[in-house]
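Below are the chains, spelled out letter by letter.
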Amino acid sequence: MTARDTALTALIALRRQKAWSDGILKEYMLRDKLDKRDAALASLLCYGVMQNRELLDFYISAFLKGSIRRLDPIVLDILRLGVFQLTQTDKIPASAAVNEAVEQTKHYANRQAAGLVNGVLRSVERNKDALPEPETLSVRYSHPQRIVDLLRENVGEEKLEALLKANNSAPRTCAQINPLKTGERALREELQALSIEASGHPWLPNCLYLSGTGNVERLDAFRQGKFYMQDPAAKLAAIFGGARPGMRVLDACAAPGGKSFASAILMENSGEIISCDIHEHKIKLLQNGAERLGLSVIHPMLQDASMPREEWNHSFDLVIADVPCSGLGVIRKKPDIRYKDPADFAALPALQFKILSTQANYVKPGGVLLYSTCTILKQENEEVVERFLAGHPEFTLDEISLPEQLQLPNAGMVTFLPCDHDTDGFFVCRMRKQA
C-alpha cells in the first residue's frame, strides 16, 4: 500500500462515513504501516485535497468534457488527488502523479475511466502555467460561500482573505514540555538525536515547534510523559486561569485533557483537579494522559457540564469551561469543518450559556471562572459572555496578562486568529467572582 493509496482510501472513507479527517487518516496510516516519510506524504495529500476541494473541482471542470457531477465519486477522488499534486505541490513529479492516478482508477474504480483520468490530468499538466483564475474567495480558498460570509461577519473584510489563506496552511506541530519530568534543553537534545527538529516558541515558554516527528505517540519522550501536544493559544488560555499549587480546580469539558494537564503542571502536581467529560471513553483517555505525564492531582469523572451538581457549589478556586462549539477556529487541523452547515451552529449559544451558568455556581467567592472556545464566532464567544454577565452581577471581567509580544486588545476577553498569531482560532475570557 503506497502513501497515495492510503490517502485515497482515507478520502473514500471520509466521504462515505462522514467522519473526521484526523481520526480516519491516523487509523489508515497505522493500518498500512507507513513509515515516517510515507505518512508525511499521505497526510499532505489527504489534508491537501480536503483543504482545496472546491479549487480542485474548479480546475477539473475546466478540462473535463461533461459535468463533474456525473463522475463516479471514486474517480472524482482520484482526480482531486492528481490535480492537487500537479497544481499545489512542487516536489512531486508530474509523471508519478498521473501514472499512479491511472493505476488507482483501474484498481479502485474501473478500467474504462482510466483514459478519462489520464486525459484530464495531462491537460492540467500542460496548462499548469495558464490555469483559469477563480473569481471568488470561496473557490480560491475552498470555503463554502456560507462559511465565507459567516467569517466575514466576525473578522471583517480586512482580515477575511488572510484568515481563509491561513485555514489552508499546515499548522506547526507544537509540543508542551512537562517540566516535572524534563527541561527544554534536555528534550531538544533528545529529539534532535532522532533527527527531529525542535525550536523554541517565540512567546510561550516550555513550548517547542517540532518537525520530522512521524507519529508523535511512538516517540519514547512522549511515552515517558516528557511532553504533550497542545496549541499555544489553548496553553495560554490555561495559563490565564492562574492555577497555583494547592488549588482546587474543575475542568468542566476536559477531554482530550490539555487544559487539565497544563493546570496540573502549573500547580506543580499539588492540589486537586476534577476533569469531567460527557463521554465515557474519553474518561479513560484523560486517565491515561494524566498517568503518562505523572500528574496524580487529576481525577477524571463522567459528568455532563450542563447538569447541576449541588455538592460542588462554591467549592472551586478555578473553574474552566472550554465548551462545545462550532470549531471554526481549528479548520487548519480539521479541514472538513468548513463543510458544516452553519444552521448546525444555531443551538450552540444556548448550550454554552447553560454550561457557563451551571459552572459559575461552583466558583468560590474570589475565585476565577474561565470560559473558552475554539471558534471565532461572536455569537458563541462575546455574546454568550455578555449575556452571562448581565444575569450574574457577582462576576466581573478580570484582566488577562498577555505576553508582551502579542499586541491584542485586552479587557478580560481575547480572540486569537491563525492569520495573526499562528495559533488555532481561539477565544478565552477570564471572570472573577466577587469575594
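In what follows, the structure referred to is the one given above.
Quick caveat: nothing in here was measured; it's all calculated off a predicted structure.

## Quick notes on the packing of helix α9 (residues 145-155) against helix α10 (residues 157-167)
When two helices pack together, their arrangement is given by the angle between the helix axes and the distance between those axes.
Stage number 1. Between α9 and α10, the least distance of the axes is 8 Å, while the angle of their chain directions is 125 degrees. One way to sum up the angle between α9 and α10 is to call them oblique. Of the two possible hands of crossing, α9 and α10 adopt the one that is right-handed. Only Glu157, Glu158, Lys159, Leu160, Leu163, Leu164 and Asn167 of α10 make contact with α9, whose side of the interface consists of Val148, Leu151, Arg152 and Val155.
Stage number 2. Looking at the contact of α9 with α10, its residues break down into six nonpolar, one polar and four charged.

## A few points about empty space enclosed by the protein
Stage number 1. Considering all chains together, one arrives at one cavity of 30 Å³ or more under this definition.
Stage number 2. Together, Arg172, Cys174, Tyr209, Asp231, Pro232, Arg332, Lys333 and Asp422 line the largest cavity.
Stage number 3. Counted by class, the lining of the largest cavity contains three nonpolar, no polar and five charged residues.

## Thoughts on the packing of aromatic side chains
Stage number 1. Applying the stated criterion across every chain, the model contains seven aromatic pairs.
Stage number 2. With centroids separated by 5.5 Å and ring planes inclined at 55 degrees, the aromatic side chains of Phe388 and Phe395 adopt a geometry described as tilted. There is no split in this pair, since Phe388 and Phe395 are both buried.
Stage number 3. An aromatic cluster of at least three residues, connected via ring pairs, comprises Trp312, Phe316 and Tyr362.
Stage number 4. Across from the ring centre of Tyr28, 4.1 Å away, lies the NZ or CZ of Arg31, which sits over that ring.
Stage number 5. Here the basic side chain of Arg248 rests over the ring of Phe316, its NZ or CZ set 4.2 Å away from the ring centre.

## Looking at the sheet that holds strand β3 (residues 207-211)
Stage number 1. One open sheet holds the four strands; their spatial order is β2-β3-β1-β4, and the pairing between them is antiparallel. Where the open sheet ends on each side, the last strands, each with one partner, are β2 (197-200) and β4 (227-229). Each strand of the sheet is rotated relative to its neighbour by a mean of 35 degrees, with strand direction disregarded.
Stage number 2. Looking at chain direction, strand β1 (residues 173-177) and β4 are connected through three bridges and run antiparallel. Of the residues in β4, the one forming a bridge with Ile177 is Phe227.

Definitions and limits used
- Residues numbered from 1 in each chain as written.
- Predicted model: local features only at pLDDT ≥ 70, side-chain atom pairs only at ≥ 80, totals over all residues.
- Heavy atoms only, no water.
- Axes fitted to C-alpha atoms, helices over the stretch in contact; angles between N-to-C directions.
- Helix = DSSP H or I, 4+ residues; strand = E, 2+ residues; numbered from the N terminus.
- Parallel < 35°, antiparallel > 145°, perpendicular 65-115°, else oblique.
- Left-handed = near helix turned anticlockwise from the far one by under 90°.
- Contact = heavy atoms within 4.5 Å.
- Nonpolar A, V, L, I, M, F, W, Y, C, P; charged D, E, K, R; others polar.
- 1 Å grid on protein atoms, 1.4 Å probe; cavity = no way out; pocket = protein on both sides within 12 Å on 5 of 7 lines; lining within 4 Å.
- Points joined across faces, edges and corners; volume = space filled by probe spheres on them.
- Phe/Tyr/Trp six-rings, centres within 6.5 Å; stacked < 30°, edge-to-face > 60°.
- Buried < 20%, exposed > 50% of the residue type's maximum accessible area, 1.4 Å probe, protein only.
- Lys NZ or Arg CZ within 6 Å of the ring centre and 35° of its normal.
- Pairing = 2+ DSSP bridges.

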